[in-house]
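# Topology and contacts: notes
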Amino acid sequence: MNGWHGKILKVDLERSTITTETLDPKMAKDFIGGRGWAIKYLYENMDPTADALSPENMLIFATGPLTSTPAPTGNRYMVVTKSPLTGAVSNSNSGGEFPTWMKRTGFDLFIFTGKAPRPVYLWVNEEEIEIRDAEHLWGKDVHTSTDILLEETEPKAKVACIGPAGENLALMAAIMNDKHRAAARSGVGAVMGSKNLKGVVVQGKKKPSLFDKEGMRAFSREITKEVASDVKAGSSLHEYGTAYVPQVTNELGILPTRNFQSGQFEGVDGIDGPTLKEKYLIRPKACYRCPIACGRLTKVDDAKYKGEGEGPEYETLSAIGSACGIDNLAAVTKANYVCNEMGLDTITAGMTVATAMEMYEEGLIPEEDIGYPLSFGDPDALIESLKIMAHREGFGHILAEGSYRMAAKYGHPEFSISAKKLEFPGYDPRGAKGMGLLYATSNIGASHMAGDLAYAEVFGVPKKIDPLTIKNKAKLIKHWEDAFAIIDAAGLCVFLSVRYMFNPEIMIAPDNLTQIMNFTTGADYSMESLLEAGERIYNLERMFLVRAGFNKTDDTLPPRMLEEPMPTGPAQGEVVELEDMLSEFYKLRGWDENGIPTPEKLNALGLSEA
Amino acid sequence: MKITLKMLGTYREHLLPKGEKGILEVDVASGTTVGEVLEQFDIPLEHQSVILVNGRTLELDHVLNDNDVIAAFPAMAGG
Ligand code: SF4
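So, how was this worked out
Residues numbered from 1 in each chain as written. Chains lettered and ligands numbered in written order. Predicted model: local features only at pLDDT ≥ 70, side-chain atom pairs only at ≥ 80, totals over all residues. Heavy atoms only, no water. Helix = DSSP H or I, 4+ residues; strand = E, 2+ residues; numbered from the N terminus. Contact = heavy atoms within 4.5 Å. Pairing = 2+ DSSP bridges. Axes fitted to C-alpha atoms, helices over the stretch in contact; angles between N-to-C directions. Polar contact = N/O pair within 3.5 Å; in protein donor to acceptor, adjacent residues only side chain to side chain. Near = heavy atom within 4 Å. Domains from an automatic or database assignment. Buried area = accessible area lost by both parts, 1.4 Å probe. Salt bridge = Lys/Arg side-chain N within 4 Å of Asp/Glu carboxyl O. Phe/Tyr/Trp six-rings, centres within 6.5 Å; stacked < 30°, edge-to-face > 60°. Buried < 20%, exposed > 50% of the residue type's maximum accessible area, 1.4 Å probe, protein only. Expected span 1.5 Å × (residues − 1). pLDDT = per-residue confidence, 0-100. Core = buried A, V, L, I, M, F, W, Y, C linked by side-chain atoms within 4.5 Å.

### Comments concerning the environment of Gly 321 of chain A
All names here are of chain A.
- Along the chain, the position of Gly 321 falls in helix H11 (residues 314-321).
- With 51 residues separating them in the primary sequence, Gly 321 and Gly 270 have C-alpha atoms 9.5 Å apart.
- Apart from the residues lying within four places of it in its own chain, the contact partners of Gly 321 are Thr 316, Ile 326 and Val 332.

Right, here's the structure in full:
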């Protein structure tokens, strides 16, 4: 096989056994790789109703056919499992260097089953695959653990591991790789913790073979050149990282402010990209083989918030900054470092604190439960809350359950700004209607990564569309969800892909991506067959949800989005007209009125056995 | 009449040296359109820019009113 190694590593943590499996080429093509193969395995080999934190759950690390190839940003992997936060499927994406090195071990996927009797880590290189004791690492933060793991294995190896949050089964625990990158969302780190798996260390030189090496090289070079010249001409992503975005969303009136009570934050200048650049930036940082380099290597000297690391990115500035009413960038950056060291998803962690702040101010969560005042705008209370959340200490036990369970425990689930119990990312959907439909329908809950129409509604990529209308949004969201499934399955970064791998005129057709996939795999994809594969992946994930007990009632948004008009700004007076978009969306998807894929649809996608 | 220009992301530089933080108040004649103002400051008008008036997406031939805020930034995936 080309692009794909066609090999899977299976680790039974219970019995401490390791086996390998080869892949059927037809299944490889039909499900592309990464997120696609992973859901196929998950669907066929586990009971979707199983407890996500039980040994029955499977944890899958999945690279794509383009990971570790010359494709620009071919540096991603997905973590796929059943989420303990949402009860739905998880597919969390991360870049950096770990995924490339993972693929170079000669395996496309690592599948973990069962639970190790004691803490362990996995060490994979070309000569050996070993499950090793990790008792001495338990309790240690991500940075320390990574350093020790590299010392014990090989300094040039790459590490993905959990911190205290994952060990303590905090439901927003992330799996961190290369210290600062995160497969963050929906509690994948807690699943890893529940398996007593502290880390995975990889090293290898087995690059995947390419079907048409010359064609691939030339084509990738062309795209890289185009990106590089755009970067040179002035790219906000390179210049400021995603930190340039708060100003943009604030201008549109959709910057999450004080737990989404409004969409414009008076302190926005304090937490934006130029301020970050001026005060704390050391230099931009790129994932492996990326010409954009949107990462930020930063350092804070301020005595109280001293630290060094990566970030913050937009989502963190929004969830930990404006959503908590905090305009102190030193504190937000420090809070970001704390999340990285503890292994927390900054979005759910920040948004859970934001919900707690609103409920505290409303008198719904008493101060004696929390142990300290927890008002909007208090950076020290925020940082303290993140620490106790990761350690499940005191009130941290409640915070570690995420905003929905916390708010429900105090009798007011409506204060949780989440869909399928996953907290919203940084776009208030009352001013970006397509995002509202996306949050409500996404298989993993409210994630922008499931089909980020904000690119078009907010950022003008591939072209600007009106964010306030619901017209055409059902069609676009269906299409973008399928397209993003392809990107995730192929192993690319969405930032680059949407702009350079898709044809903007057809909003959006994977023209360049189809070519790159064919140069790599030789599998003779057409744009249509690739899009159909994306749709196949999306529908199989949906079937996992259906079997886990989800239906239309779960495809919804918090009452604040549906009933409380946006109070101020350009989106003033707006709510999300979800019902209208939803019924159109189900029809376009070929699902029944209860949101369940029809047998005809499943047949057409080759999923008749689902 | 007075309007405010707010240049975001890398477009901040278009307003230098006067509009240091990417913000500049300018006087324009009544009847001036969004496109006419942006042209003066060399802001690309085609699809590579996102242009908002008071936070809303409007056409370039939109005629400005007193106290309007025009924001612009390069189209670029992000967030
Ligand atoms: S655009 Fe940013 S996140 Fe994507 S690969 Fe490049 S550096 Fe990594």
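### What to know about the sheet that holds strand E12 (residues 197-202) of chain A
All names here are of chain A.
- Read from one edge of the open sheet, 6 strands run E8-E7-E12-E9-E10-E11, paired in mixed fashion. Strands with a single pairing partner mark the edges of an open sheet, and in this sheet they are strand E8 (129-133) and strand E11 (181-183). Strand-to-strand twist of the sheet, defined as the mean angle between neighbouring strand axes without regard to direction, takes the value 20°.
- Judged from the 5 bridges that link them, strand E7 (residues 120-124) and E12 form a sheet pairing that is parallel. Looking at E12, one finds that Tyr 121 is bridged to Gly 199.

### Overview of the side chain of Asn 512 of chain A
All names here are of chain A.
- Positionally, Asn 512 belongs in helix H22 (residues 511-521).
- Separated by 2.8 Å, the side chain of Asn 512 and the backbone oxygen of Tyr 500 make a polar contact.
- In contact with Asn 512, other than residues within four places in its own chain, are Phe 219, Ile 223, Tyr 500 and Met 501.

### Comments concerning the site of the ligand
- Around the ligand, the structure places Thr 73, Asn 75, Arg 76, Arg 181, Ala 286, Cys 287, Cys 290, Ile 292, Ala 293, Cys 294, Cys 493 and Phe 495 of chain A.
- When residues of the shell around the ligand are sorted by domain, at least three fall in each of domain 1 (7-203) and domain 2 (234-422) of chain A.

### A word on the interface of chain B and chain A
- Taken together, the contact between chain B and chain A spans 21 residues of the former and 30 residues of the latter.
- Summed over both sides, the interface of chain B with chain A buries roughly 2200 Å², with 61% coming from carbon and sulfur.
- In this assembly, chain B and chain A are joined by 1 salt bridge.
- Mapped by element, the contributors of at least two residues to the side of chain B that touches chain A are strand E3 (49-53), strand E4 (56-57) and strand E5 (69-74) of chain B.
- With 4 residues, E5 of chain B is the single largest residue contributor to the side of chain B that touches chain A.

### Some thoughts on the packing of aromatic side chains
All names here are of chain A.
- What the rule picks out here adds up to 18 aromatic pairs over all chains.
- On the basis of an interplanar angle of 80° and a centroid distance of 6.2 Å, the ring pair of Phe 61 and Phe 98 is categorised as edge-to-face. Note that Phe 61 is positioned in strand E3 (residues 59-63) and Phe 98 in helix H3 (residues 98-103), a separation of 37 residues in sequence.
- Judged by relative accessible area, which is 0%, Phe 61 ranks as buried.
- Aromatic pair Phe 585 and Tyr 586: ring centres 6.4 Å apart, planes at 50°, arrangement tilted.

### Points about the environment of Val 37 of chain B
All names here are of chain B.
- Looking at the element boundaries, Val 37 is found in helix H1 (residues 34-40).
- For the pair Val 37 and His 14, spaced 23 residues apart in sequence, the C-alpha to C-alpha distance is 12 Å.
- Residue contacts for Val 37: discarding those within four places in its chain leaves Ile 3, Leu 5, Val 28, Thr 32, Leu 64 and Ile 70.

### A look at the pairing of strand E1 (residues 2-7) of chain B
Residue and element names in this part refer to chain B.
- Sheet topology note: the E1/strand E2 (residues 23-27) ladder contains 5 bridges and is antiparallel. Of the residues in E2, the one forming a bridge with Lys 2 is Asp 27.
- In terms of strand pairing, E1 meets E5 through 4 bridges, oriented parallel. Counterpart to Thr 4 in the pairing with E5 is Val 69.

### So, helix H23 (residues 527-548) of chain A
Residue and element names in this part refer to chain A.
- Under the 1.5 Å per step criterion, the end-to-end length of H23 is 32 Å for 22 residues, consistent within 8% with the ideal 32 Å.
- Burial within H23 is extensive, with 16 of its 22 residues counted as buried.
- Downstream of H23 by one or two residues, Gly 549 has phi in the positive range, about 110°.

### Here's the deal with the confidence of the model for chain B
All names here are of chain B.
- In this model, chain B carries an average pLDDT of 87, and 96% of its residues clear a pLDDT of 70 or more.
- Per-element mean pLDDT across chain B ranges from 88 in E4 up to 94 in E1.
- Across the interface, the model reports ipTM at 0.91; the global pTM reads 0.97.

### Here's the deal with the sheet that holds E3 of chain B
- Across the sheet, 5 strands lie side by side as E2-E1-E5-E3-E4 (chain B); this open sheet has mixed pairing. Either end of the sheet is taken by a strand with one partner, and the two such strands are E2 and E4 of chain B.

### A closer look at the pairing of E3 of chain A
All names here are of chain A.
- Of all 5 residues in E3, 5 are buried, a share of seventy percent or more.
- What you see with E3 is no split at all: Leu 59, Phe 61 and Thr 63 on one side and Ile 60 and Ala 62 on the other are buried throughout.
- Bridge analysis of E3 against strand E4 (residues 77-82) gives 4 bridges, and the strand direction is antiparallel. Paired with Ile 60 across the strands is Val 80, a residue of E4.

### Details of the domain arrangement of chain A
All names here are of chain A.
- The domain architecture assigned to chain A consists of domain 1 (7-203), domain 2 (234-422) and domain 3 (430-604).
- Of note, the centres of domain 2 and domain 3, computed from C-alpha atoms alone, are 26 Å apart.
- Residue-level contacts link 30 residues of domain 2 with 33 residues of domain 3.
- Buried surface at the junction of domain 2 and domain 3, summed over both partners, amounts to about 2100 Å²; 69% is from carbon and sulfur atoms.
- For domain 2, the biggest contributors to the area lost against domain 3 are Leu 252, Lys 420 and Leu 422; these three give 29% of the whole.

### What about the nonpolar core?
Residue and element names in this part refer to chain A.
- If you look at the biggest cluster of nonpolar residues, it comprises 183 residues, and the most contacted ones within it are Ile 32, Leu 344, Leu 386, Phe 459 and Trp 480.
- Take this core: its biggest share by element is 11 residues, from helix H20 (residues 473-490).
- Counting 27 residues, the second largest nonpolar core, distinct from the first, contains Leu 13, Tyr 77, Leu 122 and Val 124.

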